Amino acid sequence: MREPGAMMKATIGLLCLLGSCALILSCNRSKEGSPGLSYRMDTVMFVEAAATVPAAGPQPAVSIDTHMKMTGVFGGTIRTRAPYSIRIDYSDTGFLYTEAEFTKLGVTYDDGTEDPEAAARKLPIHIAARPYETINSMAGGNIVKTKLQVISGKIAGVISRDQPFTLQLEGNLIRNDGSKVPFAIHHQYDVVRDKSTRPWSEVMSEI
């Protein structure tokens, strides 16, 4: 999660980049027979196989980071790269927790094989809370700032294969007084592959 100042700079930079790219794309399409800029996709994405039942208590949100990269801003190739990582995010608006600890990690593919990278990871894994501030523009030009804590990070490189798998994570959110709130996460993921060629404008609209 980016700090607000860095996010604003990145947004301004992206807008300038998109403006330049749009001009180039327009000129490119104006040439007779030109197909416009495009990207060749070579990616995988992990999506949950079924809707997740809401947890009875607080627990971090998880997603799969496939390390997606593009070779250029004016077209080219977009690829994902294994081994993939588990992204962890939790917003602590009440400033209740100092960290999250993970005491169990399992990545099991549909053929019953355990991922050796996940099995070999030394436990427990700790991700500390840190302060964060959101800035939002409201009607009338008012700026609203909200302070909170976030527990955000990665368990890197623990998914080696482009295959459906079941993720098991267990651990605790640790309160300010040292007491622990246990959680257990059990998600099943399918794989969606993309080998298509997509227009530049379509890719940029999803950034």
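Please refer to the structure placed before this passage.
As the structure is a prediction and not an experimental result, all values here were calculated from the model.

S.K.: Is there a simple way to explain the side chain of aspartate 65 in this structure?
M.R.: Relative to the elements of secondary structure, aspartate 65 occurs in strand 2 (residues 61–65). From its side chain, aspartate 65 meets the backbone nitrogen of histidine 67 in a polar contact 2.9 Å long. Residue contacts for aspartate 65: discarding those within four places in its chain leaves Tyr84, Ser85 and Lys154.

S.K.: Please clarify how the nonpolar core should be interpreted in this entry.
M.R.: What tends to happen in soluble globular proteins is that the nonpolar side chains get buried as a cluster. In terms of nonpolar packing, the biggest core is built from 31 residues, with Ile86, Ile159 and Leu169 touching the most fellow members. Of all elements in the fold, only strand 1 (38–48), strand 2, strand 5 (84–92), strand 6 (97–109), strand 7 (125–137), strand 8 (143–159), strand 9 (165–175) and strand 10 (180–194) reach the threshold of two or more residues within this core. Per element, the largest residue contribution to this core is six residues, and it comes from strand 6. Once residues lying within four places of it in the same chain are set aside, the contact partners of leucine 169 are Val62, Ile86, Ile88, Phe102, Lys104, Leu105, Ile155, Phe183, Ala184 and Ile185. Ranked by size, the runner-up nonpolar core spans seven residues in total, among them Leu37, Tyr39, Ile78 and Trp200.

S.K.: Which parts of the structure should I look at to understand the pattern of salt bridges?
M.R.: Should their charged atoms come close, side chains of opposite charge can pair. Counted according to the given criterion, the structure contains eight salt bridges. Among the salt bridges present, the one from aspartate 42 reaches lysine 195, with a minimum N-O distance of 2.6 Å. Pair noted here: aspartate 42 is in strand 1 and lysine 195 is in the loop between strand 10 and strand 11 (197–199), with a separation of 153 residues, a long-range link. Glutamate 101 is paired through a salt bridge with lysine 180; the nearest N and O atoms lie 2.9 Å apart. Here the residue glutamate 101 occupies a position in strand 6, and lysine 180 occupies one in strand 10, the gap between them amounting to 79 residues. Residue class for glutamate 101 comes out buried when judged on its relative accessible area of 6%. Taken together, the shared-partner salt bridges connect Asp42, Arg79 and Lys195 into one network.

What counts and what doesn't
- Residues numbered from 1 in each chain as written.
- Predicted model: local features only at pLDDT ≥ 70, side-chain atom pairs only at ≥ 80, totals over all residues.
- Heavy atoms only, no water.
- Helix = DSSP H or I, 4+ residues; strand = E, 2+ residues; numbered from the N terminus.
- Polar contact = N/O pair within 3.5 Å; in protein donor to acceptor, adjacent residues only side chain to side chain.
- Contact = heavy atoms within 4.5 Å.
- Core = buried A, V, L, I, M, F, W, Y, C linked by side-chain atoms within 4.5 Å.
- Buried < 20%, exposed > 50% of the residue type's maximum accessible area, 1.4 Å probe, protein only.
- Salt bridge = Lys/Arg side-chain N within 4 Å of Asp/Glu carboxyl O.

By themselves these figures say nothing about function.
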